[in-house]
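In case you want the letters, here they are:
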Amino acid sequence: MSEPILMKGNEAIAEAAIRAGCRFFFGYPITPQNEIPEYMSKRLPEAGGVFVQAESEVASINMVYGAAGAGARVMTSSSSPGISLMMEGISYIAGAELPCVIVNISRGGPGLGGIQPSQSDYFQATKGGGHGDYKLIVYGPSSVQEACDLMIKAFDVADKYRNPVMILGDGMIGQMMEPVVFRDQPGEAAPDKKPWATTGNEGRKSNLITSIYLDPEVLDAHNWKLYQKYKRIEENEVMYESYRADDAEWLLVAYGTVARICISVMEKMREEGFRVGLIRPITLWPFPKTAFDEVADRAKGFLCVEMSTGQMVEDVRLAVEGRAPVYFYGRTGGAVPLPRNIEKRMHQVIAGRTPVVTECLDKNQGGGGR
Amino acid sequence: MKPVYLRPKSLTGVVTHYCPGCTHGIAHRLVAEIIDELRIQGKAIGVASVGCSVFAYNYFDVDFQQAAHGRAPAVATGIKRVHPDRIVFTYQGDGDMASIGAAEIVHAAARRENITVIFINNAIYGMTGGQMAPTTLEGQVTTTSPMGRDHKSQGYPLRMPELLAAVDGAYYIARCSLHNAAHIGRAKRAIKQAFQNQMEGKGFSMVELLSTCPTNWRMSPVKAMEWVEKHMIPVYPLGEFKSGEGE
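Residues numbered from 1 in each chain as written. Chains lettered and ligands numbered in written order. Predicted model: local features only at pLDDT ≥ 70, side-chain atom pairs only at ≥ 80, totals over all residues.

Side note on the overall build of chain B
Note the following rule: Working definition: helices are DSSP H or I runs of at least four residues, strands are E runs of at least two. Numbering for both runs from the N terminus. Just to be clear, the radius of gyration here is over C-alpha atoms, and the globule rule we use is 2.2 Å times residues to the power 0.38. Exposure is read from a count of other C-beta atoms within 10 Å of each residue's own; the residue is exposed at 12 or fewer, buried at 20 or more and partly exposed in between. C-beta atoms are placed from the backbone.
Across its full length, chain B holds 10 helices and seven strands. Its C-alpha radius of gyration of 17 Å places chain B within 12% of the 18 Å reference for a compact globule of 247 residues. The C-alpha extent of chain B, read off along each of the three principal axes, is 50 × 50 × 30 Å. Relative to its 247 residues, chain B shows a buried fraction of 56%.

Looking at the overall build of chain A
The number of helices and strands found in chain A is 12 helices and 16 strands. Here the C-alpha atoms of chain A give a radius of gyration of 21 Å, agreeing with the 21 Å that 2.2 N^0.38 yields for 370 residues. Put simply, chain A has 370 residues, and 53% of those count as buried.

A look at the sheet that holds strand 4 (residues 116–121) of chain B
Each strand in a sheet pairs with another by means of backbone hydrogen bonds, the pair being arranged parallel or else antiparallel. For clarity, the cut-off: For two strands to pair, DSSP has to find at least two bridges joining them. Whether two residues are in contact depends on their C-beta atoms, placed from the backbone: they are in contact if these lie within 7 Å. What counts as an axis is a line fitted to C-alpha atoms, over the stretch in contact for a helix, and the angles between N-to-C directions run from 0 to 180 degrees.
Read from one edge of the open sheet, eight strands run 9(A)-2(B)-1(B)-3(B)-4(B)-6(B)-5(B)-7(B), paired in mixed fashion. At either end of the open sheet lies a strand with only one pairing partner, and these are strand 9 (208–209) of chain A together with strand 7 (239–243) of chain B. Across six bridges, strand 4 of chain B lies against strand 6 (residues 204–210) of chain B in parallel orientation. The residue bridging isoleucine 120 of chain B from the neighbouring strand is leucine 209 of chain B, located in strand 6 of chain B. Taken strand by strand, helix 8 (residues 181–199) of chain B contacts strand 3 (87–93), strand 4, strand 5 (170–177) and strand 6 of chain B, and its axis lies near 165° from that of strand 5 of chain B.

Focus on helix 3 (residues 72–82) of chain B
The buried fraction of helix 3 of chain B is high, at 11 of 11 residues. Within helix 3 of chain B the residues assigned to the buried category are Ala72, Pro73, Ala74, Val75, Ala76, Thr77, Gly78, Ile79, Lys80, Arg81 and Val82 of chain B.

Some thoughts on the nonpolar core
Counted only if it meets this: Buried Ala, Val, Leu, Ile, Met, Phe, Trp, Tyr and Cys residues whose C-beta atoms connect them within 7 Å together make up a nonpolar core. Note: domain ranges come from an automatic or database domain assignment.
Within the largest apolar cluster, 191 residues are counted, with the highest numbers of intra-cluster contacts made by Val101, Met151, Leu252 and Cys262 of chain A together with Ile118 of chain B. When we break this core down by domain, the ones giving at least three residues each are domain 1 (5–236) and domain 2 (241–369) of chain A. Once residues lying within four places of it in the same chain are set aside, the contact partners of leucine 252 of chain A are Cys262, Val265, Met266, Val276, Leu278, Leu303 and Val305 of chain A.

Concerning the interface of chain A and chain B
Put simply, the rule reads: Residues are sorted three ways: Asp, Glu, Lys and Arg are charged, Ala, Val, Leu, Ile, Met, Phe, Trp, Tyr, Cys and Pro are nonpolar, and all the rest, Gly among them, are polar.
Facing 33 residues of chain A, the contacting portion of chain B comprises 28 residues. Tallying contributions element by element places helix 3 (residues 57–69) of chain A first for the side of chain A that touches chain B, with eight residues. Residue classes in the side of chain A that touches chain B are distributed as 16 nonpolar, 14 polar and three charged. As paired elements, strand 9 of chain A and strand 2 (residues 63–66) of chain B share two bridges and run parallel to each other. Within the sheet, the bridge partner assigned to leucine 208 of chain A lies in strand 2 of chain B and is phenylalanine 64 of chain B.

Side note on unusual backbone geometry
Looking along the chain, the bond that leaves threonine 31 of chain A and enters proline 32 of chain A is cis, with omega of 5°. In this structure, proline 32 of chain A sits in the loop between strand 2 (24–27) and helix 2 (35–46). The omega angle of the peptide bond from glycine 109 of chain A to proline 110 of chain A is 0°, so this bond is cis rather than trans. Secondary-structure assignment places proline 110 of chain A in the loop between strand 5 (100–106) and helix 5 (122–126). A positive phi angle, near 55°, is found at glutamate 97 of chain A, a position not held by glycine. Tracing the backbone through its elements, the reader meets glutamate 97 of chain A in the loop between helix 4 (80–95) and strand 5. For arginine 218 of chain B, which is not glycine, the phi dihedral falls at a positive 60°. Looking at where arginine 218 of chain B falls in the secondary structure, it is placed in the loop between helix 9 (214–217) and helix 10 (221–235). You can call arginine 218 of chain B exposed: it has 11 C-beta atoms within 10 Å.

Points about the domain arrangement of chain A
All names here are of chain A. Each domain of chain A was delimited in the assignment, giving domain 1 (5–236) and domain 2 (241–369). Taking only C-alpha atoms into account, the centre of domain 1 sits 29 Å from that of domain 2. Facing 26 residues of domain 1, the contacting portion of domain 2 comprises 22 residues. Every element with two or more residues in the side of domain 1 that touches domain 2 is listed here: helix 5, strand 6 (137–139), strand 7 (164–170), helix 7 (171–175) and helix 8 (216–236). Of all the elements, helix 5 adds the most residues to the side of domain 1 that touches domain 2, at four residues. Among the residues forming the side of domain 1 that touches domain 2, the class breakdown is 13 nonpolar, 10 polar and three charged.

A short note on the sheet that holds strand 2 of chain A
All names here are of chain A. Taken in spatial order, the seven strands make up an open sheet running 3-2-4-5-7-6-13, and their pairing is mixed. Because the sheet does not close on itself, it has two edges, and the strands there are strand 3 (50–53) and strand 13 (283–285). With direction set aside, neighbouring strand axes in the sheet form an average angle of 20°. Bridging between strand 6 and strand 13 involves two bridges; their strand directions are antiparallel. When the bridges of strand 13 are listed, tyrosine 139 appears paired with threonine 283. Packing against the sheet, helix 2 makes contact with strand 2, strand 3, strand 4 (74–78) and strand 5, and its axis sits at approximately 145° to strand 3.

A closer look at the packing of helix 9 (residues 257–271) of chain A against helix 12 (residues 339–350) of chain A
Residues and elements named next belong to chain A. So the rule is basically this: For this classification, under 35 degrees means roughly parallel, over 145 means roughly antiparallel, 65 to 115 means roughly perpendicular, and everything else is oblique. For any helix crossing, the convention is left-handed if the near helix is rotated counterclockwise from the far helix by under a right angle, and right-handed if that rotation is clockwise.
Closest axis-to-axis distance for the helix 9/helix 12 pair is 9 Å, and the angle between their directions is 55°. Judged by the angle between their axes, helix 9 and helix 12 are oblique. As for the relative orientation of helix 9 and helix 12, their crossing is right-handed in sense. Of the residues in helix 12, those touching helix 9 at Ile261, Cys262, Ser264, Val265, Lys268 and Met269 are Pro339, Ile342, Glu343 and Met346. Here the residues of the contact of helix 9 with helix 12 are counted per class, giving seven nonpolar, one polar and two charged.

A short note on the environment of glycine 256 of chain A
All names here are of chain A. Summarising the element assignment, glycine 256 is placed in the loop between strand 11 (250–253) and helix 9. Residue class for glycine 256 comes out buried when judged on the 30 C-beta atoms lying within 10 Å of it. Linking glycine 256 and aspartate 170, residues 86 residues apart in sequence, is a C-alpha distance of 7.3 Å. For glycine 256, the residues in contact, after removing those within four places along its chain, are Gln119, Gly140, Pro141, Ser142, Gly169, Asp170 and Ile173.

Here you go:
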């Protein structure tokens, strides 16, 4: 265990990747994730690795495809519009079952949007984004420390399942400085531990990395094989934290940095005698449905808070399955939900003054709800 | 009895899906012969593109990756950066490289990627049924230029070797034709040069092969060979456009 170091989130994520054995990085500049490629361009050659600044995000993700297929621990990072450009390649990577890590330090959209923190890429990350039946394993860290710990886990999980993994951090995770301890330093996973990789067919039959299966029966079988893998991931890889949920009547639900804001709201309301708890999904896919089963029967209501107009709230409703009302509060475009506004919304919820489905109840405070 | 003509070791012997008279078969054989002659089968890694050659990996007995449309040079970059001692080549058609993959090929050359690129130019999209390609000739009838390609609205054919020869990072750029035995011999020498360059670490090499598509050109194989000589070569002059690094 090393001493805590004060590091900017993006740089800490890059360092964690190197300590996880990542030796190849392909990327393209975009704010607010530039410190990741900048750090990699200096540190990777020192660590015996390779950094390539690609001509586009489209090229970056296809270089990742090639390197992953060649057996390397490899990653790329980008921010929302760049991640959109990578969606074709991510679909190919999922179809060809290649392990890699993609970091999205997301910003506000749609379109060019803004450069401030946002959580409006949740649907894209968890529901596909690219074409076809596939799943990304998606982690939503809420601190720089957790982002580092999840980077190391991400590479292991990617290799374990031969599946792409996304770290979905918002701009705040990337840009803020926090103390971080680098806990694990596993060795690099050597290509020779990946007998399927394209390394040259010397002494064995030829290997093939592909996602094309023109025979409908074969493609059907391939898709159901992927489905079974996703089922195993759902059974084994769910991560979440529940805070004071045991006796909670009212539950906040939030991920990433917003969860930390919600914790302070929860603590304040607890002091005032309200039985408020919080569920913080860490894996956004697979979504932690069990966290809701533990509390849904006695909960009086859930308030989902996001930096979006309401994306994860749909998964919360599916997990709650009508056992309690689910409310929403959100800000977008880089506006961050303030504790007092979340608290105010929670008081409305508790008082029964917030219909489950309404739009923008408090326009003059900023933020919509339903 | 001594055999004089055998299947190259680097071909699998799988019967190809290519149409009768298509020159993909010739191009595959030339690449496989060179892989055999240079004794690099065990360390060659191919990248198949999207188009008729999407299933090239069924025919070459070497490790292969199948790339998204146009992205083969980026995929090859990823492979070569991980395994600098392996021999990495892409096999791309004109739609794949000159249209959707124009950025990837130019920047692979600009980065001086030490890879070999085989570029099949048959002036048409074959796999999708004969649409206009960036290399379609002026006046050429395709399913999306039914009145013939008109430069006023559809522009001119794109000459990739001439374009790539202007890139400092490119080392070896050549255009050959597969329309007769003499030219096939020249094409083989160019392909060999392109692989040898990579083995010697000289950087980016690309060989364009003028090719036929009898099916979508609506011609017999023999007429198609004649069409290459009569109509394509005047637009796509043959030769080495660059051999050596820098300007």
